[in-house]
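Next come the chains, spelled out residue by residue.
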Amino acid sequence: MAAVGCKGRFLSFFNYKTEKYIVAKNKKVGILYRIFQLSIIGYIIGWVFLTKKGYQEKDEAIQSTVITKLKGVSVTNTSESGVLVWGPEDYVIPPQGEAVLFVVTNFLETPNQKLGYCAESPKVLDGHCQKDEDCVEGKLVKAGHGIRSGRCLWRDENTNGTCEIFGWCPVERSLKPQSALLTNAENFTIYIKNFIQFPKFKFSKSNILETTNVSYLKCRYDEKLHPYCPIFRLGDITARAGYNFNDMAKFGGSIGIQIQWDCDLDKGFSECHPRYEFSRQDVATSNNTIAKGFNFRHTRYYKNAAGESYRSLFKVYGVRFNIMVNGRAGMFNIVPTAISIGSGLALMGAGVFFCDMILLYIMKNGTTYRERKFERSQESSAEGNHEKTSLAS
């Protein structure tokens, strides 16, 4: 008998279960089911296909090249440097133009430094001393400007002295800029040339219009009037980032230029456009912090008539521009289309299952609905009766 039971369970594995549709005249469940269906259809059409373009194959591995060029001239007049005319070769670092560049807007100069002996800066804590023994000869001053000579130089009776050092003298002056020196810097212009490629679709484009009109590059970028103009005024860039250029020029800062390419290649080559976004990136934007702005130091070396080397040390402040390129492209493909439609149909099935659970286990007449929904076919009943007859004989 046990063998017959095992055989029956084994054979039942090959039974086919078909869907049985029962019309349940329950308006509450019917309305709930239709609302669920409409929601799924709206989700598939509105979100999956129209908004997210689920029928497209995507490529987000954008390949990009950025070339920049700045133009503009400014004049400074200081007691250390005299009258200077600043061109792009002076205020742009690096001068060859890259995706990250620095534009000088202010500077402090320590001129005519020569190798020799002088007092360490009082701002350097490791250079403080009270006697010669505090300045061990030949030892470097941490975060300082040279090597200790072994002498302690006194400033006055009420303060500590500083060690004498061998280095570039005089050491850098401890000053803060009072105002921006390159006052015309906000009118400088930056020319941004961007080439992009989506390798999956073998699609490439530039943010420069393909035209032979020589007056085209005399434009200035405007989101509405000239969206394809690649020339940006620095003052306009900082304004679009929400800041005033002259306020940033004194101590410097960092601006991000985001070029976003979202290309629907089903609409053709002409519908793939760059979109520019501007933001300030340096965290210390408050005037109450000691770490505000952006600066660094560089030197210019010279030789006098006697062949002696000397240099001018510049602590330069300015705006650092970081050009970032992101993008994605999409094109129709049957595979993502089939996946999107299949996921929608699966969600429809979930609605049927949910409404069935309500009818079976929540509604009052759930037992009646269960009896009508689940039943055995006549063939299965006949096989069962045959088995019973065999056992009886």
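Residues numbered from 1 in each chain as written. Predicted model: local features only at pLDDT ≥ 70, side-chain atom pairs only at ≥ 80, totals over all residues. Heavy atoms only, no water.

Draft legend 1. Region of the structure containing the packing of aromatic side chains. Considering all chains together, one arrives at 17 aromatic pairs under this definition. Here the aromatic rings of Phe102 and Phe296 are separated by 4.8 Å at their centres, their planes lie at 65°, and the arrangement is edge-to-face. In this pair, Phe102 is assigned in strand S6 (residues 100-119) and Phe296 in strand S15 (residues 295-303), connecting sequence segments 194 residues apart. In this structure Phe296 comes out as partly exposed when scored by relative accessible area, which is 24%. Ring centres 5.8 Å apart and planes at 70° place the aromatic pair Trp168 and Tyr301 in the edge-to-face group. (Phe/Tyr/Trp six-rings, centres within 6.5 Å; stacked < 30°, edge-to-face > 60°. Helix = DSSP H or I, 4+ residues; strand = E, 2+ residues; numbered from the N terminus. Buried < 20%, exposed > 50% of the residue type's maximum accessible area, 1.4 Å probe, protein only.)

Draft legend 2. Layout of unusual backbone geometry. That bond from Ile93 to Pro94 is cis: its omega, -5°, falls within 30 degrees of zero. Relative to the elements of secondary structure, Pro94 occurs in the loop between strand S5 (92-93) and S6. A cis amide bond links Cys169 with the next residue in sequence, Pro170, at an omega value of -5°. Phi is positive for Lys53, close to 50°, though the residue is something other than glycine. As for its placement among the helices and strands, Lys53 is situated in the loop between helix H2 (27-51) and strand S1 (56-59). With phi around 55°, Asn112 is a residue other than glycine that occupies positive phi space. Mapped onto the elements of the fold, Asn112 is located in strand S6.

Draft legend 3. Layout of the pairing of strand S10 (residues 189-198). S10 sits mainly inside the fold: seven of its ten residues count as buried. Relative to S10, strand S2 (residues 63-71) runs antiparallel, the two sharing nine bridges. Bridged to Gln63 within S10 is Gln197. Pairing of S10 with strand S11 (residues 203-206) involves four bridges; the strand directions are antiparallel. By the bridge assignment, Phe198 is partnered in S11 with Phe203. The hairpin turn running from S10 into S11, its antiparallel successor, is four residues long, and Lys202 in that turn takes a positive phi close to 55°. (Pairing = 2+ DSSP bridges.)

Draft legend 4. Up close: the confidence of the model for the chain. Counting all residues, the mean pLDDT for the chain is 83, and 86% of those residues have values of 70 or more. Note on residues 386-393: pLDDT under 50 across the span, and zero contacts to partners over four residues away in sequence or across chains. (pLDDT = per-residue confidence, 0-100. Contact = heavy atoms within 4.5 Å.)

Draft legend 5. Spatial organisation of the nonpolar core. Tyr91, Leu234, Ile237 and Phe321 are the most contacted members of the largest nonpolar core, which totals 52 residues. Counting residues per element, this core draws most heavily on strand S16 (residues 309-332), at seven residues. Contacts of Tyr91, omitting those with residues within four sequence positions, involve Leu70, Lys71, Gly72, Trp86, Phe102, Val103, Val104, Leu182 and Phe188. (Core = buried A, V, L, I, M, F, W, Y, C linked by side-chain atoms within 4.5 Å.)

Draft legend 6. Structural context of the side chain of Glu164. Within the secondary structure, Glu164 is located in strand S9 (residues 161-169). Sequence-distant contacts of Glu164, defined by excluding residues within four places in its chain, comprise Tyr117, Cys118, Ala119, Ile147, Arg148, Ser149, Arg151 and Leu153.

Draft legend 7. Highlighting the pairing of S15. As paired elements, S15 and S16 share nine bridges and run antiparallel to each other. Within the sheet, the bridge partner assigned to Arg300 lies in S16 and is Ser312. Where S15 folds back onto S16 in an antiparallel hairpin, the turn is made up of five residues, including Gly307, whose phi is positive at roughly 85°.

Draft legend 8. Just a nonpolar patch on the surface, in detail. Together, Leu115, Tyr117, Leu140, Ile147 and Phe166 give the surface a local cluster of nonpolar side chains, amounting to about 510 Å² of exposed area. Mapped onto the elements, Tyr117 comes out in strand S6. Given the relative accessible area of 55%, Tyr117 is considered exposed. (Patch = residues over 30% accessible without salt bridge, like charges linked within 9 Å, V, L, I, M, F, W, Y side chains within 5 Å. Areas by Shrake-Rupley, 256 points an atom, 1.4 Å probe, with all protein chains shown as cover. Salt bridge = Lys/Arg side-chain N within 4 Å of Asp/Glu carboxyl O.)

Draft legend 9. Expanded view of helix H6 (residues 334-361). Given a rise of 1.5 Å per residue, 28 residues ought to cover 40 Å, and the 41 Å separating the end C-alpha atoms of H6 matches this to within 8%. Buried within H6 are the following residues: Pro336, Thr337, Ser340, Gly344, Met348, Gly351, Cys355, Asp356, Ile358, Leu359 and Leu360. Put simply, Asn333 is the residue that caps the front of H6, since its side-chain oxygen is 2.9 Å from the backbone nitrogen of Val335. (Expected span 1.5 Å × (residues − 1). Polar contact = N/O pair within 3.5 Å; in protein donor to acceptor, adjacent residues only side chain to side chain.)

Draft legend 10. A look at the pattern of salt bridges. Taken as a whole, this structure holds twelve salt bridges when the rule is applied. With a shortest N-O distance of 3.2 Å, Glu164 and Arg151 are connected by a salt bridge. With Glu164 in strand S9 and Arg151 in strand S8 (residues 146-153), this pair connects stretches of sequence that are 13 residues apart. Note that Asp262 is salt-bridged to Arg275, the shortest N-O span being 3.5 Å. Separated by 13 residues along the polypeptide, Asp262 in strand S13 (residues 253-264) and Arg275 in strand S14 (residues 274-280) bring together distant segments of the chain. Accessibility expressed as a relative area gives 35% for Asp262, which makes it partly exposed. Three or more residues are tied together by salt bridges with common partners; here these are Asp262, Arg275, Glu277 and Arg328.

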